[in-house]
Amino acid sequence: MYFKRLIDEYLEQWARREDHKPMLLRGARQVGKSTAVRHLGETFDNFVEINFEKQPEYKKVFESNLVVTRIVSEISAMCAMPIISGKTLLFFDEIQECQEAIMSLRFFKEDMPGLHVIAAGSLLEFALAELPTFGVGRIHSMYMYPMTFDEYLEANGETILLDYKRKASPDQPLPESLHNKLTSLIRSYFLVGGMPEVVGKWVLTHDYLRCQEVQDDIISGYEDDFPKYRKKIDPVLLRLTLRSAAIQVTRKFSYSEVGGGYRTEEVKKALEMLLLSGICIQTVRTDANGLPLGSESDFSYRKILILDPGLLLRLLNMSSVDVSKIASEILTGDPTSLVNKGPLAEMVAGLEMLRYKTPNLRHELYYWVRLAKNSQAEIDYIEAKEGRVLPIEVKAGMKGGMKSLWIFMREKGLTSAVRCSLENFSRFEYVDPEASGAIRKVEVFPLYALSNLVPPAAW
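This one's a predicted model, so the numbers in the text were calculated from it and none came from an experiment. (Residues numbered from 1 in each chain as written. Predicted model: local features only at pLDDT ≥ 70, side-chain atom pairs only at ≥ 80, totals over all residues. Heavy atoms only, no water.)

Novice: So what's going on with the environment of Glu 42? Which residues, and what values?
Specialist: Mapping Glu 42 onto the fold places it in the loop between helix 2 (33-41) and strand 2 (46-51). A residue is classified by how much of its surface remains accessible, and Glu 42, at 64% relative accessible area, is exposed. Separated by 115 residues in the primary sequence, Glu 42 and Gly 157 have C-alpha atoms spaced 23 Å apart. (Helix = DSSP H or I, 4+ residues; strand = E, 2+ residues; numbered from the N terminus. Buried < 20%, exposed > 50% of the residue type's maximum accessible area, 1.4 Å probe, protein only.)

Given below as structure tokens:
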């Protein structure tokens, strides 16, 4: 069963280009990289897949030299399949197991520019970090994540509902019946998440407990990889850091809360490994005085997200946090409680905005917090949209309860903002009495419709 992915269109565009470069498909383990490449391979006359973990004998092909014509000829003979420029997709999977193969990618662009080559690997980022260079300018990268809510809808057969959602806007809200159905579906997405194997289990069984079994297996697989993380990082520390990141999710990460008697520098190094692996994603504070947002980033203030909401809940359960109440709140709680209480809605909002952006870059997430003493003002996310700074608050409630947003807009001289909640699409204006009656315009986007706010180029 193949679920349509947003990255499919980008991969097809790459395949159609005459000037395509060899590609590195990057992302955490189990997000669907290999499956997406195999799906693309169905559009070629020939598809050749080499998995260096399962087929270590292919490593020897790269040992003597990196002459591409020789490498391709020997691989073709070993697998008894033709490898022809323009007709064959050559896929190197788990390429982190063969550094020479990574180094060879840059020569494909020079010596066999017509051949389509894709490489992927579950621990690829660590292998790349150890190489002095791997072909800057001659290799193209794409970044892949777990399934978005839009992809989740398609997997569940809700393509008509998805089309209605994409056409909605603050000026054209959805009918209440469709809004309620989408609200119910994103509740299930909170629990199931977007890991393709888990979504597949949900589509077949609609059994949350069966999905949790798969989620537990995925987390166990991640932790089984920990001893491979540059070998100098204590796997126990990595496990503790991951559990602590889940508990601290969407608030400023505190190294001291990891426990185990480890020094701050040790914990910091472990966290960097988790970020590099893609299991964790950071949101960095920015002053947000203008664009680019990264020019005013402050890495001493970081919030950490887990790559998937379903995995977050399983990690919390493994950290002796009773998630049964959380699950009950997700499924039956009123929208205001679901959004305002707990970090899950805020995390999902950030992940959604990240995943709808072009996969050709490693995008960053930003937030703002006021550093003045006795100030509690904080904006969940800061985005750059149409050449301007756009504050985004994940909050359910009326305009009177948005003090942080008014402070931020007042200080930065902004007139437009977004509130993300489980309300229907809408818009409202706020007359700021502390800024001579300045008008603050706020658009409301439902949590299930963040693709409408950051529409993918592939739409």
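Novice: Break down the sheet that holds strand 1 (residues 23-26) for me, citing the residues and quoting the values.
Specialist: Taking strand neighbours across the sheet as the criterion, the five strands line up as 2-3-4-1-5 in an open arrangement whose pairing is parallel. Only two strands of the sheet have a single neighbouring strand rather than two, namely strand 2 and strand 5 (140-143). Neighbouring strand axes in the sheet, compared pairwise and without regard to direction, differ in orientation by 20° on average. (Pairing = 2+ DSSP bridges. Axes fitted to C-alpha atoms, helices over the stretch in contact; angles between N-to-C directions.)

Novice: How would you summarise empty space enclosed by the protein if you had to cite specific residues and measurements?
Specialist: Overall, the coordinates contain three cavities of 30 Å³ or more when judged by the stated rule. Size it by volume and the largest cavity reaches roughly 150 Å³. Around the largest cavity, the lining is made up of 17 residues, and of these Leu 6, Ile 7, Tyr 143, Tyr 145 and Arg 355 lie nearest the centre. Broken down by secondary-structure element, the contributors of at least two residues to the lining of the largest cavity are helix 1 (7-16) and helix 16 (344-355). Along the lines of polarity and charge, the residues of the lining of the largest cavity split into 10 nonpolar, three polar and four charged. (1 Å grid on protein atoms, 1.4 Å probe; cavity = no way out; pocket = protein on both sides within 12 Å on 5 of 7 lines; lining within 4 Å. Points joined across faces, edges and corners; volume = space filled by probe spheres on them. Nonpolar A, V, L, I, M, F, W, Y, C, P; charged D, E, K, R; others polar.)

Novice: Describe the sheet that holds strand 13 (residues 426-432), listing the residues and the values that go with them.
Specialist: Overall, mixed pairing links the five strands, which are arranged 10-11-12-14-13 in an open sheet. If you trace the sheet from one side to the other, it starts and ends with strand 10 (381-385) and strand 13, each paired once. Pairs of neighbouring strands in the sheet enclose a mean axial angle of 30°, with direction left out of account. Here strand 11 (residues 388-394) runs beside strand 12 (residues 416-421); their pairing, made up of three bridges, is parallel. The residue bridging Glu 393 from the neighbouring strand is Arg 419, located in strand 12. Lying on the sheet, helix 16 is in contact with strand 10, strand 11 and strand 12; it crosses strand 10 at an angle near 25°. (Contact = heavy atoms within 4.5 Å.)

Novice: Outline the layout of surface pockets, listing residues and values.
Specialist: Of the volumes computed, that of the largest pocket is approximately 520 Å³. Around the largest pocket, the lining comprises 22 residues; the ones closest to its centre are Gln 30, Gly 32, Lys 33, Ser 34 and Thr 35. Among the elements of the structure, helix 2 and helix 9 (196-205) are those that each provide at least two residues to the lining of the largest pocket. Of the residues belonging to the lining of the largest pocket, the class tally is six nonpolar, seven polar and nine charged.

Novice: Before we move on, can you summarise the nonpolar core with the specific residues and values?
Specialist: Core analysis: the largest hydrophobic core is formed by 110 residues, its most contacted members being Ile 118, Phe 149, Phe 190, Ile 306, Leu 307, Leu 447 and Leu 453. Excluding anything up to four places from it in sequence, Leu 453 contacts Met 353, Lys 385, Leu 390, Ile 392, Val 418 and Phe 445. By size, the runner-up hydrophobic cluster in this structure holds 30 residues, among which are Tyr 58, Ile 75, Ala 127 and Leu 128. (Core = buried A, V, L, I, M, F, W, Y, C linked by side-chain atoms within 4.5 Å.)

Novice: Summarise unusual backbone geometry; cite the residues concerned and give the values.
Specialist: Residue Pro 292 follows Leu 291 across a cis peptide bond; omega there is -5°. If you trace the backbone, Pro 292 turns up in the loop between strand 6 (280-286) and strand 7 (297-306). Despite not being glycine, His 206 shows a phi value in the positive range, around 50°. Along the chain, His 206 falls in the loop between helix 9 and helix 10 (208-225). Here the phi dihedral of Glu 386 falls at roughly 55°; this positive angle occurs in a residue that is not glycine.

Novice: Kindly report on a negative patch on the surface, identifying the contributing residues and their values.
Specialist: A surface patch of like charges, here negative, comprises Glu 197, Asp 207, Glu 213 and Asp 217. Overall, Glu 213 belongs to the partly exposed group, its relative accessible area being 48%. (Patch = residues over 30% accessible without salt bridge, like charges linked within 9 Å, V, L, I, M, F, W, Y side chains within 5 Å. Areas by Shrake-Rupley, 256 points an atom, 1.4 Å probe, with all protein chains shown as cover. Salt bridge = Lys/Arg side-chain N within 4 Å of Asp/Glu carboxyl O. Lys, Arg positive; Asp, Glu negative; His and termini not counted. Charge placed at Lys NZ, Arg CZ, Asp CG, Glu CD.)

Novice: Hey, could you go over the environment of Ala 28 for me, with residue numbers and the actual values?
Specialist: Looking at the element boundaries, Ala 28 is found in the loop between strand 1 and helix 2. Here Ala 28 falls in the buried class, since its relative accessible area comes to 4%. Residues Ala 28 and Leu 422, 394 residues apart in the sequence, show an inter-C-alpha distance of 29 Å. Excluding residues within four positions of it along the chain, Ala 28 makes contact with Lys 33, Met 144, Tyr 222, Ser 277, Gly 278, Ile 279 and Leu 307.

Honestly, it's all geometry; don't read function into it.
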